[in-house]
There are 2 protein chains.
Amino acid sequence: MSRDNFDQQLDRLTGVLAVMSRDAGVAIRGASTALLEVDRGAAELVVAGDAVLDLRRAEVEAMIPEVLIRHQPVAYDLRLVVCALRIASALERMGDLAVHIAKIALMRHPVGVVPEPALPVITGMADAAARIADKTAIVLATRDRLDAMQLGLDDDEVDAAQERLLSMLVSGWPYGVESAIDLALLGRYYERYADNAVNVARQVVFLVTGTIRL
Amino acid sequence: MSRDNFDQQLDRLTGVLAVMSRDAGVAIRGASTALLEVDRGAAELVVAGDAVLDLRRAEVEAMIPEVLIRHQPVAYDLRLVVCALRIASALERMGDLAVHIAKIALMRHPVGVVPEPALPVITGMADAAARIADKTAIVLATRDRLDAMQLGLDDDEVDAAQERLLSMLVSGWPYGVESAIDLALLGRYYERYADNAVNVARQVVFLVTGTIRL
């Protein structure tokens, strides 16, 4: 098969990953809307939409062996197909975590999950996660190491927010234990979403440089 | 390269996965000991030992392209190398979750994390997780579909225990919000550990049958 055909397959592979990163961003925005605006429809859309991310991951995994075996890529091309597997897995997981957030909103609907005192910190996590999703898509498109490092800063912001949230919950939270557990799990889900986005960026850095560091 | 050499590489691959599943089992047992016996040394061993699982996963990932490219496996052999990537990833994640459990024990040490009323349910989760780890190793060795399905039953047990734990925490938990959050997260970590073990079993079923179902 010609180099052209190989490039076409790589383009298709990276194209699917780009779509997945966009969908993972749509999912976390929808989940945050469901959570912060007590929007049942938004939550149901996130839950229903997750199947598409699962299918796209399977599509990526189905492409890899053929690409490897038919084209026997080396160096950068080889790293690209191997990284694509890990990236697809991380993006699918990001969708799952958005679903976890949406399901907490659904479980409590029509009651809101985020009491007023927790709104700033949860909103901050939601905004940072949405930014991280956008940057993940950018990193996949540019494969720029600096763009990848940018992601780490937003991830630190999410981790710090999770710390603030937990200390708020344990210093006399007046909304009860169930509310505190919901919020602790929500913080955890945003944190894991950001961690998986950082993994995507890490794979891109590995792809470009051949070494894992961020 | 001869078929013999290919088989040797597959044996090495499955050998590394077997060792990883054993290490993931050691990790969750150590984490449960740290948690239930307030054993700081056990917790530190789990945290320190996790790097080995990370390295073995990298070892598996490094082997895959060579195996695919040099031997161009088809059908079962091809599925084996593709599944190996997902299995290694799930086993590494199981180690990470054991570390999360150990770190909660370390964070509260020398204070115990599990008050007496929660001991039965957490002990039940710990025992089920340890059984699941053993069965994961067995499934990897036998590649028996019935063994794989067995795992699903223990996973259901962990999910049910998590439900019991959460309803206990929200119905007048007298040990405070921090304790409730610790326990909710612990339940979540055991649940995710079991989920990842089920993923390993699912990959083995896919490997044997060519279809994902458990």
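Residues numbered from 1 in each chain as written. Chains lettered and ligands numbered in written order. Predicted model: local features only at pLDDT ≥ 70, side-chain atom pairs only at ≥ 80, totals over all residues. Heavy atoms only, no water.

1. Let's talk about the overall build of chain A
Link 1 in the chain: A count of helical and extended segments in chain A gives 6 helices and 0 strands.
Link 2 in the chain: Start at the N end of chain A and walk to the C end: the helices and strands fall as α-α-α-α-α-α.
Link 3 in the chain: For chain A, the C-alpha radius of gyration of 19 Å lies close to 17 Å, the compact-globule estimate for 214 residues.
Link 4 in the chain: When the backbone C-alpha atoms are referred to their principal axes, chain A occupies close to 65 × 35 × 20 Å. (Helix = DSSP H or I, 4+ residues; strand = E, 2+ residues; numbered from the N terminus. Rg over C-alpha atoms; globule rule 2.2 N^0.38 Å.)

2. With respect to the UniProt feature "domain: PhoU" (unreviewed entry) in chain A
Link 1 in the chain: Here, UniProt's "domain: PhoU" (unreviewed entry) annotation points to residues 20-104 and 123-204 of chain A.
Link 2 in the chain: A distance of 28 Å separates the end C-alpha atoms of residues 123-204 of chain A, which is 91% helix and 0% strand. (UniProt positions renumbered as here; feature names shortened; annotations may be inferred.)

3. Considering the packing of helix α4 (residues 119-142) of chain B against helix α6 (residues 177-209) of chain B
Residue and element names in this part refer to chain B.
Link 1 in the chain: It is at 10 Å that the axes of α4 and α6 come closest, and there the two elements cross at 20°. In terms of orientation, α4 and α6 fall into the roughly parallel class. The way α4 lies across α6 gives a crossing that is left-handed. Here α4 contributes Ile 122, Met 125, Ala 126, Ala 129, Ile 132, Ala 133, Thr 136, Val 139 and Leu 140 to the contact with α6, which in turn contributes Leu 183, Gly 187, Tyr 190, Tyr 193, Ala 194, Ala 197, Val 200, Ala 201 and Val 204.
Link 2 in the chain: The class makeup of the residues in the contact of α4 with α6 is 16 nonpolar, 2 polar and no charged. (Axes fitted to C-alpha atoms, helices over the stretch in contact; angles between N-to-C directions. Parallel < 35°, antiparallel > 145°, perpendicular 65-115°, else oblique. Left-handed = near helix turned anticlockwise from the far one by under 90°. Contact = heavy atoms within 4.5 Å. Nonpolar A, V, L, I, M, F, W, Y, C, P; charged D, E, K, R; others polar.)

4. Observations regarding the relation of the copies chain A and chain B
Link 1 in the chain: Taken as rigid bodies, chain A and chain B are interconverted by a rotation of 180° and an axial shift of 0.0 Å, the fit giving an RMSD of 0.0 Å. Given the turn and translation reported, the copies of this chain are related as if by a two-fold rotation axis.
Link 2 in the chain: Most of the interface of chain A is mirrored in chain B, where 100% of its interface residues are also at the interface. (Least-squares fit on C-alpha atoms with pLDDT ≥ 70 in both.)

5. With respect to the pattern of salt bridges
Link 1 in the chain: The tally for this structure, following the rule as stated, stands at 30 salt bridges over all chains.
Link 2 in the chain: One salt bridge in this structure joins A:Arg40 and A:Glu44, with 2.9 Å as the shortest N-O distance. Residue A:Arg40 and its partner A:Glu44 are both found in helix α2 (residues 40-71); the two are separated by 4 residues, about one turn of the helix.
Link 3 in the chain: Its relative accessible area of 39% is what places A:Arg40 among the partly exposed residues.
Link 4 in the chain: What emerges from the salt-bridge pattern is a single network uniting A:Arg57, A:Glu61, A:Glu92 and B:Arg86. (Salt bridge = Lys/Arg side-chain N within 4 Å of Asp/Glu carboxyl O. Buried < 20%, exposed > 50% of the residue type's maximum accessible area, 1.4 Å probe, protein only.)

6. Quick look at empty space enclosed by the protein
Link 1 in the chain: Taken as a whole and assessed by the stated rule, the structure comprises 2 cavities of 30 Å³ or more.
Link 2 in the chain: As a volume, the largest cavity reaches approximately 70 Å³.
Link 3 in the chain: Around the largest cavity, the lining residues are A:Glu61, A:Ile64, A:Pro65, A:Leu68, A:Val82, A:Leu85, B:Glu61, B:Ile64, B:Pro65, B:Leu68, B:Val82 and B:Leu85.
Link 4 in the chain: Within the residue set of the lining of the largest cavity, elements represented by two or more residues are α2 and α3 (75-108) of chain A together with α2 (40-71) and α3 (75-108) of chain B.
Link 5 in the chain: Residue classes in the lining of the largest cavity are distributed as 10 nonpolar, no polar and 2 charged.
Link 6 in the chain: As a volume, the second largest cavity reaches approximately 50 Å³.
Link 7 in the chain: Looking at the second largest cavity, the residues that line it are A:Arg93, A:Leu97, A:Arg188, A:Tyr189, A:Arg192, B:Arg93, B:Leu97, B:Arg188, B:Tyr189 and B:Arg192. (1 Å grid on protein atoms, 1.4 Å probe; cavity = no way out; pocket = protein on both sides within 12 Å on 5 of 7 lines; lining within 4 Å. Points joined across faces, edges and corners; volume = space filled by probe spheres on them.)

7. Section: the environment of B:Pro120
All names here are of chain B.
Link 1 in the chain: Here Pro 120 shows up in helix α4.
Link 2 in the chain: Residue Pro 120 is classed as exposed on the basis of its relative accessible area of 57%.
Link 3 in the chain: Separated by 96 residues in the primary sequence, Pro 120 and Ala 24 place their C-alpha atoms 23 Å from one another.

8. Notes on the packing of α3(A) against helix α6 (residues 176-209) of chain A
Residue and element names in this part refer to chain A.
Link 1 in the chain: The contact between α3 and α6 brings their axes to 9 Å, and the two run at 165°. As judged from the angle between their axes, α3 and α6 are roughly antiparallel. Handedness of the crossing formed by α3 with α6: left-handed.
Link 2 in the chain: Looking at side-chain class alone, the contact of α3 with α6 contains 22 nonpolar, 4 polar and 7 charged residues.

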